[in-house]
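# Fold and geometry: a report
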Amino acid sequence: LSSSDELGDCAELAEKLKKTGGHVMAVLCNFHQTDTKLSASVSSVFPQSVLLQMPPVPPTSGSTAIQAAACRRLEEFSLKLVCNAVTTGAHIMVGKVYQNFMVDVQIRNNKLYHRAIRIVQHLSDCSLDTATRAVLSALYDTDDVTPLLGVNVSQHVERGTKQKKVVPVALLCATLKLSPSQGRQRLSDTPVIRHAISASVNK
C-alpha cells in the first residue's frame, strides 16, 4: 500500500484470504502515521504491518530529475527486499528449505533441471551421475533411467512441469537408495519436506 486510495481493494482481498484461514499483513510505503483515521483503518484490516518510510522525493524537473528517479527505484527495491524476506520465511516455516537450499523445486526450465541435480549432488554428497539418475528416477517414477540419460532436456522439463516434489524424492532415493514410490511414501507420511528428509537421512 502506498496511498489511502489502495486500501479498499486490498482490504477486500485481505478479508477473502482471512476466510480461507490465511494470515495477512501489509507493507506500507510512505504512509503518514499522523493520519490517525487511516492508521486505524489499516490496523482493523491488517493485524501486522511493515512501514517503509522513504526519503521525500524532490521535484521531478530540471537537475533533480535523476535524484527523483533514484528515490523511486530505492522505494521499489526496498519493497522487493521485504517481499523476498516474507516469502523466504514462509517457505522455511512450511519446511520447503533444507540446509539453506530451497528443495521443493519444480523443474520448469533447463536452468531448474540442472539446479535440481546440483542440489541433490550437494546434499547427498554423491557423484553427478548418481544425482542425475536420482532426479530422473523421481521425475519419471521409475528405477530404470538408463534409457532416459540420452533424452533431450526439454523432454525432462515438459515432464517436470507436471511432477511435484521431484528434488525431495530424488534426495531420498540418492541418500537411502529408495525407489521413487518408497520416497514418495516417506513424504506422504511426513508432509513437511524438511522433516521428512531429516528424519530419513539422520536415521
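The structure under discussion appears in the preceding block.
Here the residue numbering is sequential within each chain, running from 1 through the sequence in written order. Where local features are concerned, this predicted model is filtered to residues with pLDDT of at least 70; where side-chain atom pairs are given and counted, the filter is 80 or more; whole-chain, interface and lining totals use all residues. As a rule here, side-chain values come from all non-hydrogen atoms in the structure, and water together with hydrogens is ignored.

### Points about the side chain of Ser137
In this text, helices come from DSSP runs of H or I with a minimum length of four residues, and strands from runs of E with a minimum of two, each type numbered from the N-terminal end. Within the secondary structure, Ser137 is located in helix α5 (residues 128-140). A relative accessible area of 8% means that Ser137 is categorised as buried. Beyond its immediate stretch of four places on either side in the chain, Ser137 contacts Thr142, Asp143, Val145 and Pro180. Relative accessibility thresholds used throughout: buried, under 20% of the residue-type maximum; exposed, over 50%; partly exposed, between the two (1.4 Å probe, protein chains only). The contact criterion used throughout is that any non-hydrogen atoms of two residues lie within 4.5 Å.

### Comments concerning the packing of helix α4 (residues 110-124) against α5
Where α4 meets α5, the closest approach of the two axes is 8 Å, and the angle between their N-to-C directions is 120°. By the angle between their axes, α4 is oblique relative to α5. Between α4 and α5 lies a crossing of right-handed hand. When α4 is examined against α5, the residues Tyr113, Ala116, Ile117, Val120 and Gln121 are found in contact with a partner set consisting of Leu128, Ala131, Thr132, Ala134, Val135 and Leu136. Residues are grouped as follows: Ala, Val, Leu, Ile, Met, Phe, Trp, Tyr, Cys and Pro are nonpolar; Asp, Glu, Lys and Arg are charged; all remaining types, including Gly, are polar. Considering only residue class, the contact of α4 with α5 consists of nine nonpolar, two polar and no charged. What counts as an axis is a line fitted to C-alpha atoms, over the stretch in contact for a helix, and the angles between N-to-C directions run from 0 to 180 degrees. For classification purposes, an angle smaller than 35 degrees is called roughly parallel, one larger than 145 roughly antiparallel, one from 65 to 115 roughly perpendicular, and anything else oblique. Should the near helix be turned counterclockwise from the far one by less than a right angle, the crossing is left-handed, whereas a clockwise turn marks it as right-handed.

### As for the pattern of salt bridges
For side chains of opposite charge, pairing can occur when their charged atoms come near one another. One side-chain nitrogen of Lys or Arg within 4 Å of one carboxyl oxygen of Asp or Glu is enough to make a salt bridge. Overall, the coordinates contain six salt bridges when judged by the stated rule. When the shortest N-O distance is used, the salt bridge between Asp104 and Lys96 registers 2.4 Å. The exposure class of Asp104 is buried, given its relative accessible area of 18%. Taking the relative accessible area as the measure of exposure, Lys96 reaches 25% and is therefore partly exposed. Residue Arg184 pairs with Asp141 through a salt bridge whose shortest N-O separation is 3.0 Å. Of this pair, Arg184 sits in helix α8 (residues 180-189) while Asp141 sits in the loop between α5 and α6 (153-160); the two residues are 43 residues apart in sequence, bridging distant segments of the chain. The exposure class of Arg184 is partly exposed, given its relative accessible area of 24%.

### A short note on the nonpolar core
Counting residues in each nonpolar core, the largest one holds 35 residues, and the members touching the most others are Val103, Ile107, Val120, Val135, Leu136, Val167 and Leu171. The set of elements that each furnish at least two residues to this core consists of α4, α5, α7 (166-176) and α9 (193-201). The leading source of residues in this core is α7, at eight residues. What Val103 contacts, discounting residues up to four positions off in sequence, is Lys96, Tyr98, Ile119, Leu123, Val167, Pro168, Leu171, Ile193 and Ile197. Residue types Ala, Val, Leu, Ile, Met, Phe, Trp, Tyr and Cys, when buried and joined through side-chain atoms within 4.5 Å, form a set referred to as a nonpolar core. Judged by nonpolar contacts, the second largest core, of ten residues, contains Leu7, Ala14, Val45 and Phe46.

### A few points about the pairing of strand β1 (residues 25-29)
Across the five residues that make up β1, a large majority, four, are buried. Only strands that DSSP links by at least two bridges are regarded as paired with each other. Bridging between β1 and strand β2 (residues 48-52) involves five bridges; their strand directions are parallel. In the sheet register, Ala26 faces β2, and the bridge partner there is Ser49.

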